[in-house]
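# Observations on the model geometry
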Amino acid sequence: MSTRPIAPSEITPRALFDERREFLRVAAGLSLGAVLPPAAAVEKLAPARKSPYSVGESPTPFKDISGYGNYYEFSSDKTGHIGPAQAMKTRPWAVVVEGLVAKPKTFAIEDILRLAPLEERIYRHRCVEGWSMVVPWVGYPLAALLRQVEPLGSAKYVEFVSHADPAVMPNIGRRLLDWPYLEGLRLDEAMHPLTLLVVGLYGEVLPNQNGAPLRLAIPWKYGFKGGKAIVRIRFVERQSETAWMKAAPNEYGFYANVNPTVDHPRWSQARERRIGEFRKRETLMFNGYADQVAHLYAGMDLRKFF
Ligand SMILES: Nc1nc2c(c(=O)[nH]1)N[C@H]1C(S)=C(S)[C@@H](COP(=O)(O)O)O[C@H]1N2
Ligand SMILES: [Mo]
């Protein structure tokens, strides 16, 4: 066999590949009785119920939420990740939940989707860069998943590891960030009822560019705390050094609570541009969720623990 590089014209487009696979499956079934598994399809989400945790603001249009964002594994451009992200397969998918727990377990995505009733949660979403959106996520509290594995008393923090596949993610292997993308929360933050395990957007399966098949939304924190395409959740004793802390420790802290009074070293955080609006708005303390989360940080110096 020769090892010459494959010309682009020789790469089978996905649709053709699936067609050929279906043909092979049918042919095999008819003649030899052999079984090829059907191409794994992504099923529709169960209906989501409304949530009292939703904000009363109008959601940002779907085309803006799915058409603008950050996904550094694919691109460092706000729209450059969208095309390449479509090549990522989200089935089969499993999430390992391990570390300081009594019952470590690997969950298939199908089980995760059925673990708790789905809710629509309309949340404010504030990127550390100064843009914001209002997003109708679909999911359920992360706590419902975390409780399944029975965290030990020694578990104080939770780490979230994103998928890293150099075959589909052009920036894995480039030293943009330390891969895989790693984020973390203190245990009480991870168990907080606002912390959402997200599987959908606008009632439908999450688009790949927004973190399919599952990502987190922690609405009182800057957007980078919500890792996309999570494959591993680990209970640990100590605060993790997250991907952004490693990249620029003076710019991105572990807590990353939205705070208009603590500026990023290179820009103010006092105001934000809501996607679709012209005039900037004031950024709210804890992104407007202070009543629900301020107690988590009572007595802490939020300049030091930024
Ligand atoms: N794995 C991974 N997760 C990630 C990122 C990323 O680059 N890789 N970007 C973060 C940042 S900076 C933001 S603002 C949000 C953007 O989410 P959205 O594209 O759904 O708006 O995802 C966060 N999660
Ligand atoms: Mo961000």
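Report follows, based on the coordinates. (Residues numbered from 1 in each chain as written. Chains lettered and ligands numbered in written order. Predicted model: local features only at pLDDT ≥ 70, side-chain atom pairs only at ≥ 80, totals over all residues. Heavy atoms only, no water.)

### Topic: the nonpolar core
- With 79 residues, the main nonpolar core has Trp-137, Leu-142, Trp-220 and Ile-233 as its most contacted residues.
- Looking at which element gives the most residues to this core, the answer is strand β5 (residues 131-141), with seven residues.
- Leave out the neighbours within four places in its chain, and Ile-233 touches Val-95, Val-96, Val-97, Glu-98, Leu-142, Leu-145, Leu-146, Val-158, Glu-159 and Phe-160. (Core = buried A, V, L, I, M, F, W, Y, C linked by side-chain atoms within 4.5 Å. Buried < 20%, exposed > 50% of the residue type's maximum accessible area, 1.4 Å probe, protein only. Helix = DSSP H or I, 4+ residues; strand = E, 2+ residues; numbered from the N terminus. Contact = heavy atoms within 4.5 Å.)

### Some remarks on the site of ligand 1
- Near ligand 1 lie 18 residues; those nearest to it are Tyr-72, Glu-73, His-125, Gly-226 and Lys-228.
- Here an oxygen atom of ligand 1 sits 2.9 Å away from a polar atom, N or O, in the side chain of Asn-210.
- Interatomic distance of 2.8 Å between a backbone N/O atom of Gly-226 and a nitrogen atom of ligand 1.
- Protein burial of ligand 1: of its 530 Å² of free accessible surface, 99% is covered by the chains. (Near = heavy atom within 4 Å. Polar contact = N/O pair within 3.5 Å; in protein donor to acceptor, adjacent residues only side chain to side chain. Areas by Shrake-Rupley, 256 points an atom, 1.4 Å probe, with all protein chains shown as cover.)

### Digging into the packing of aromatic side chains
- Counted under the stated rule, the structure contains 13 aromatic pairs.
- Note on Phe-62 and Tyr-202: the rings are 6.1 Å apart at their centroids and 80° apart in plane angle, and the pair reads as edge-to-face. Here Tyr-202 lies in the loop between β8 (196-201) and β9 (204-205) and Phe-62 lies in helix α2 (residues 62-65), a separation of 140 residues in the sequence.
- Exposure remark for Tyr-202: the relative accessible area of 33% places this residue in the partly exposed category.
- With a centroid separation of 5.5 Å and 75° between ring planes, the pair formed by Phe-224 and Tyr-252 is classed as edge-to-face. Taken together, the positions of Phe-224 in the loop between β10 (215-217) and β11 (230-236) and Tyr-252 in the loop between α7 (243-247) and β12 (271-274) put the pair 28 residues apart, joining distant regions of the chain. Across the pair, Tyr-252 and Phe-224 agree in class, each one buried.
- A network of ring pairs unites the aromatic residues Tyr-157, Phe-254, Tyr-255, Phe-286, Tyr-297 and Phe-305 as a single cluster.
- Arg-124 extends its terminal NZ or CZ atom over the ring of Tyr-289, reaching a point 5.2 Å from the ring centre.
- Between Lys-225 and the ring centre of Phe-254, over which it is positioned, the NZ or CZ distance is 4.3 Å. (Phe/Tyr/Trp six-rings, centres within 6.5 Å; stacked < 30°, edge-to-face > 60°. Lys NZ or Arg CZ within 6 Å of the ring centre and 35° of its normal.)

### Here we look at the sheet that holds strand β7 (residues 182-186)
- With mixed pairing, the five strands of this open sheet are ordered in space as β3-β2-β11-β6-β7. Edge strands, defined here as strands with exactly one partner in the open sheet, are β3 (105-108) and β7. Ignoring strand direction, the axes of neighbouring strands in this sheet form an average angle of 15°.
- Note that strand β2 (residues 94-99) and β11 share four bridges and pair parallel. Note that in β11 the partner of Gly-99 across the bridge is Phe-235. (Pairing = 2+ DSSP bridges. Axes fitted to C-alpha atoms, helices over the stretch in contact; angles between N-to-C directions.)

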